[in-house]
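Chain and residue survey
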Amino acid sequence: MDVATDAAELFAASRAPAILPDETVYSWCARFHRLNCGGDVRATSQLLFGHRTAGLRSDFPFHLAHLHKITRGGLGTPSDLLMRGTLYGFCAPFLPRHAKGDIRRYLLYGGRSGELHRTLGLSRAGLGLTNHLKFCADCVTEQQNQHGFAWWIATHQPPSSYFCRVHYQWLRVGDISLRLGLMDEYCLPEVPASVSVANGLHASLSCCSQLTRLDAWGSYVRQRENLQLAGELLRQTYRLQAKIRRWVTFEGYVRSEQLRDAFLAYYGDILQLFPKEFLGDIAGVNGGFLATLLTKSSPRHHPMKHLLLLSFLFETPEDFMAVHEKVIAVHASGGDLAVRSLLREKAVC
């Protein structure tokens, strides 16, 4: 009898819970582990993923093809697992096509150590944003009252999510030990062992509005795996919208100080939620990450930086798509030179 057969028989003899609404892959694994008397978490990961640590990541669990096979599709299709149960959908729209394919393969079948984060291009500061396990205290209370336990909700996990849109309150972050990426335990939400993501920030009406918008942008991109927002055309879309907002000169140069000041006024104290090394010297002369997103053809950026700029420049995702599609159409007909000429037009409709 081979290893795969042994694993299949062991899983068949186990108690497998049904997937719950908006539940992450890691959360389902934590419930499976507890239902089957706990024990060695790496043994549970080996059973479910065919790998001793692949299932101990809350952000990007991998070897998902094995999980799909051993559960006989009970958790959904492989694409369901990728898009709903991990942070792949949050990152995918901002990745080049080749990188997107590489990451899909890694998450489904595994790969070399460190390959995922190299391909994602996430800095250490950016990785910290993806490793938080977050929950709403009221959601947890309702889950425990109705089901006897709580679970990790997928829509609370993206770095753009700070506020519960159901209960209109700050999310909470699990104990510091839950922020390390690779877990040494299968954990479920517990209110006493948590801290608020607010970091001392008071929830003013304007603050709630900006955070709700950020969350809506995160949900928009996360639900659209085939959205392609990587590369120079995205940068030119930002610049064209900045021109519409009168932050680009007739010669096509960004009015960096005006745009930076407007950005800082728009977000205000919300920016303290992000590590300083993540944003860069945003209040300084160079404008931190804004400068590289708007004025340079630069390496890929953390999706959260894009979302901060998108929510600032555009009222709605539909407004953004209209401008982006215009840039794509102009580029298709006239190339880079035609796109750059848009920035020098006296009026942009």
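In case you missed it, the structure is sitting above this.
Residues numbered from 1 in each chain as written. Predicted model: local features only at pLDDT ≥ 70, side-chain atom pairs only at ≥ 80, totals over all residues. Heavy atoms only, no water.

1. Notes on helix α2 (residues 25-35)
Most of α2 is tucked away: nine of the 11 residues are buried. Within α2, burial applies to Val 25, Tyr 26, Ser 27, Trp 28, Cys 29, Ala 30, Arg 31, Phe 32 and His 33. (Buried < 20%, exposed > 50% of the residue type's maximum accessible area, 1.4 Å probe, protein only. Helix = DSSP H or I, 4+ residues; strand = E, 2+ residues; numbered from the N terminus.)

2. A few points about empty space enclosed by the protein
All told, the structure shown has two cavities of 30 Å³ or more when counted by the stated rule. Approximately 90 Å³ is the volume found for the largest cavity. Taken together, 13 residues make up the lining of the largest cavity; nearest its centre are Thr 24, Ser 58, Asp 59, Leu 87 and Gln 157. The residue inventory of the lining of the largest cavity, partitioned by class, reads three nonpolar, seven polar and three charged. As a volume, the second largest cavity reaches approximately 50 Å³. For the second largest cavity, the full set of lining residues is Cys 91, Phe 94, Leu 95, Leu 120, Leu 122, Arg 300, His 301, His 302 and Pro 303. (1 Å grid on protein atoms, 1.4 Å probe; cavity = no way out; pocket = protein on both sides within 12 Å on 5 of 7 lines; lining within 4 Å. Points joined across faces, edges and corners; volume = space filled by probe spheres on them. Nonpolar A, V, L, I, M, F, W, Y, C, P; charged D, E, K, R; others polar.)

3. Some thoughts on the sheet that holds strand β1 (residues 134-135)
Taken together, the three strands give an open sheet; going across it, the order is β1-β4-β5, and neighbouring strands pair in antiparallel fashion. Of all the strands in the sheet, the pair left with one neighbour each is β1 and β5 (194-196). Here β1 runs beside strand β4 (residues 172-174); their pairing, made up of two bridges, is antiparallel. Bridging across to β4, Lys 134 finds its partner in Val 173. (Pairing = 2+ DSSP bridges.)

4. Regarding the state of the cysteines
Under the counting rule described, the total for this entry stands at zero disulfides. No disulfide involves Cys 91; its nearest neighbouring cysteine sulfur is the one of Cys 29, lying 19 Å away. Between Cys 139, a free cysteine, and Cys 136, which holds the nearest cysteine sulfur, the sulfur-to-sulfur gap is 3.8 Å. (Disulfide = S-S within 2.5 Å.)

5. Some remarks on the nonpolar core
Membership of the largest hydrophobic core comes to 109 residues, with the highest contact counts inside it found for Leu 107, Trp 170 and Phe 274. The element contributing the most residues to this core is helix α17 (residues 317-342), with eight residues. Apart from the residues within four sequence positions on either side, Phe 274 is in contact with Leu 129, Tyr 162, Leu 279, Met 304 and Leu 308. (Core = buried A, V, L, I, M, F, W, Y, C linked by side-chain atoms within 4.5 Å. Contact = heavy atoms within 4.5 Å.)

Don't take any of this as a statement about function, it's just geometry.
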